[in-house]
Number of protein chains: 2
Amino acid sequence: MISPESRRIVSRRTRPAKSPLSQEAIVSTALELLSREGMAGLSLRKVAAALDTGPASLYVYVADLNELHVLVLDRVLGEVELPPEQAGDWRNRLKALLRSYFGVLLARPGLAQVALSTIPSGPNMMALTEALLSLLAEGGVDLRRAAWAIDLLLLQTAAVAAEQDNRRSQDESELARVAEAVHSVSAEQHPNIHALGDELVSGKGDRHDWALDVLINGVLSTPRP
Amino acid sequence: MISPESRRIVSRRTRPAKSPLSQEAIVSTALELLSREGMAGLSLRKVAAALDTGPASLYVYVADLNELHVLVLDRVLGEVELPPEQAGDWRNRLKALLRSYFGVLLARPGLAQVALSTIPSGPNMMALTEALLSLLAEGGVDLRRAAWAIDLLLLQTAAVAAEQDNRRSQDESELARVAEAVHSVSAEQHPNIHALGDELVSGKGDRHDWALDVLINGVLSTPRP
DNA sequence: ATAGCAGACGAACGGCGTTCGTCAAGAACA
DNA sequence: TGTTCTTGACGAACGCCGTTCGTCTGCTAT
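Described in the following lines is the structure provided in the data block. All values reported here derive from a predicted model rather than from experimental measurement. Along each chain, residue indices are assigned from 1 in the same order as the chain's sequence is written. Whichever chain is written first is A, and whichever ligand is written first is 1; the rest continue in order. Local features in this predicted model are restricted to residues whose pLDDT is 70 or higher, and side-chain atom pairs enter the listing and the counts only when it is 80 or higher, whereas totals over whole chains, interfaces and linings include all residues. Side-chain metrics rest on all non-hydrogen atoms present in the structure, leaving aside hydrogens and water.

**Comments concerning the packing of aromatic side chains**
Heads up, the condition is: Only rings of Phe, Tyr and Trp enter the pairing, Trp through its six-membered ring, and a pair is recorded when the two centres are within 6.5 Å. The plane angle decides the type: under 30 degrees is stacked, over 60 is edge-to-face, the rest tilted. Each helix is a run of DSSP H or I of at least 4 residues and each strand a run of E of at least 2, with the numbering of both proceeding from the N terminus. Accessible area is worked out with a 1.4 Å probe on protein chains only. A residue is then buried under 20% of its type maximum, exposed over 50%, and partly exposed in between. Geometrically, a lysine NZ or arginine CZ counts as sitting over a ring once it is within 6 Å of the ring centre and also within 35 degrees of the ring normal.
Across all of its chains, the model carries two aromatic pairs over all chains by this definition. Both rings, one in tryptophan 148 of chain A and one in tryptophan 210 of chain B, keep their centres 5.7 Å apart while their planes meet at 70°; by these two values the pair is edge-to-face. Pair noted here: tryptophan 148 of chain A is in helix α8 (residues 143-169) and tryptophan 210 of chain B is in helix α11 (residues 206-221), and the two residues belong to different chains. Each of the two residues, tryptophan 148 of chain A as well as tryptophan 210 of chain B, counts as buried. Over the face of the ring belonging to tryptophan 148 of chain A we find arginine 224 of chain A, whose NZ or CZ atom lies 3.9 Å from the ring centre.

**Topic: the protein's contact with DNA strand C**
For clarity, the cut-off: Being near a molecule or strand, for a residue, comes down to having at least one heavy atom within 4 Å of it. Within 3.5 Å is the distance limit for a polar contact, defined as a pair of N or O atoms, with the added protein rule that one can donate a hydrogen and the other accept it, and that residues adjacent in sequence qualify only through two side-chain atoms. Charged residues are taken to be Asp, Glu, Lys and Arg, nonpolar residues to be Ala, Val, Leu, Ile, Met, Phe, Trp, Tyr, Cys and Pro, and polar residues to be all remaining types, Gly included.
Inspection of the region around DNA strand C gives 17 residues, with Arg45 and Leu65 of chain A together with Thr53, Ala56 and Tyr61 of chain B positioned closest. A share of 57% of the atoms of DNA strand C within 4 Å of the protein falls on sugar and phosphate groups. A distance of 3.0 Å separates a phosphate oxygen of DNA strand C from a polar atom in the side chain of tyrosine 59 of chain A. At a separation of 2.6 Å, a phosphate oxygen of DNA strand C approaches a polar side-chain atom of tyrosine 61 of chain B. The residue makeup of the surface near DNA strand C, split by class, is nine nonpolar, three polar and five charged.

**Observations concerning the interface of chain B and chain A**
Our working rule: A contact between two residues is defined here by any heavy atoms of the two lying within 4.5 Å. Accessible surface is computed with a 1.4 Å probe, and the buried area is the amount of it that two parts give up when combined, taken over both parts together. Take a side-chain nitrogen of Lys or Arg and a carboxyl oxygen of Asp or Glu: if they are within 4 Å of each other, that pair is a salt bridge.
Each side of the interface is counted separately: chain B has 62 residues, and chain A has 62 residues. Of the roughly 5,400 Å² buried between chain B and chain A on both sides combined, carbon and sulfur atoms contribute 64%. Taken together, chain B and chain A are joined by four salt bridges. Residue arginine 207 of chain B is joined to aspartate 151 of chain A by a salt bridge in which the shortest nitrogen-to-oxygen separation is 3.6 Å. Where chain B meets chain A, there are 20 residue pairs in polar contact (both at pLDDT 80 or more). Looking at the side of chain B that touches chain A, the elements with two or more residues in it are α6 (111-117), α7 (123-138), α8 (143-169), α9 (172-183), α10 (191-196) and α11 of chain B. In terms of residue count, the dominant contributor to the side of chain B that touches chain A is α8 of chain B (17 residues). Split into classes, the residues belonging to the side of chain B that touches chain A amount to 32 nonpolar, 17 polar and 13 charged.

And the structure:
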């Protein structure tokens, strides 16, 4: 066994003043870990280890794992590119914004799932919400309708990101199993599925773009009750 | 310590022929557990305990926890009420079908998250897919567009279900925190959010209905690229 | 009668979130 | 200066979890 003192000295040498523990430092470390290992590999214990301390120490700054997830998500949402302001009509700017949101979620494995498990309220989410509202207002959507519409747009985008994320992280045998299930369907029992074949399974990027147009067109043509 | 023999006799008396282990029995037990405790309380160990055996025994019939989740999901999807066939035009029947899907997902805490983490391919999912395709075909949507549309509809429905599920299971302090964050936003920094106030947070059931109309209208008016 | 095999499962491994009690260092105060 | 109080830090432990390994057992086919 190495004595605690010597261990302490070595680690201080590596990281001279040690990291002063703080919520920011914890979130940053968690974010590093997330980018490297994905949500599945993000644990309080690993964050603590990376900060050269024990897991109990984190609880001063973070209530529990779920709160850490929320904090990490909002931190990441700061990377969403907000408004080009000029360059294109509101519709294209809206789509660009959502595509940026989509890309940010997809950049970290498993993060999209987090976006679907919380109602985030951090400052970056507020900025994103405000930007969406003002883009819709620019498009002539009245505010009450826009309030519901942005929920729709954000939820749909996160859901598609989560789906693509799963598709990426699942092993290929899983995907092959799905494709096989679709193909082996009898023409009598499920004629429509049979007729479509691979069309159902093909996961191209065009889909999300089309989905955004569907949502925007739908919002424009569907007044609130 | 009780000898293994006596334990064996007692448990056989309680459950005379013991449960012959099988994938069906495992899924049924898991489903019971899910309905009672939600996804968070569903573990292989508890399923095994309920079947009066050890966790290792389940691995003959189930590859891992994820596969169990998929199996449970498809089993539950059997409860979705498929087509009233008459009674209403295609649009209302489509909405009824998706509402049923929505209700089934929401009936078990955490299940909607599973629907968002897998690309299910079980028989019940196939039946649901086929029903959706034929309803859209009845509505005059060509098959290629319908293939993308059902993905949109299913994903959106599951996402909304997941969101409402979270809202339900989160403690109220969490929700209050969100509402407070929305209210305390400055009118200068985020005028639109400020103007909307509670409108953003209010989670009524009307929203999903409106969302379905948005999606359907959008699908009808947006041809595939 | 026996060999082979597949289901069953006890035990253990390594990981996890979280809590508790203790400790040290600094602040507030006398 | 001396003393109390507060607060961050954290070692240790608790009770879960999924999964694997090696062994046993009862049946089937030879």
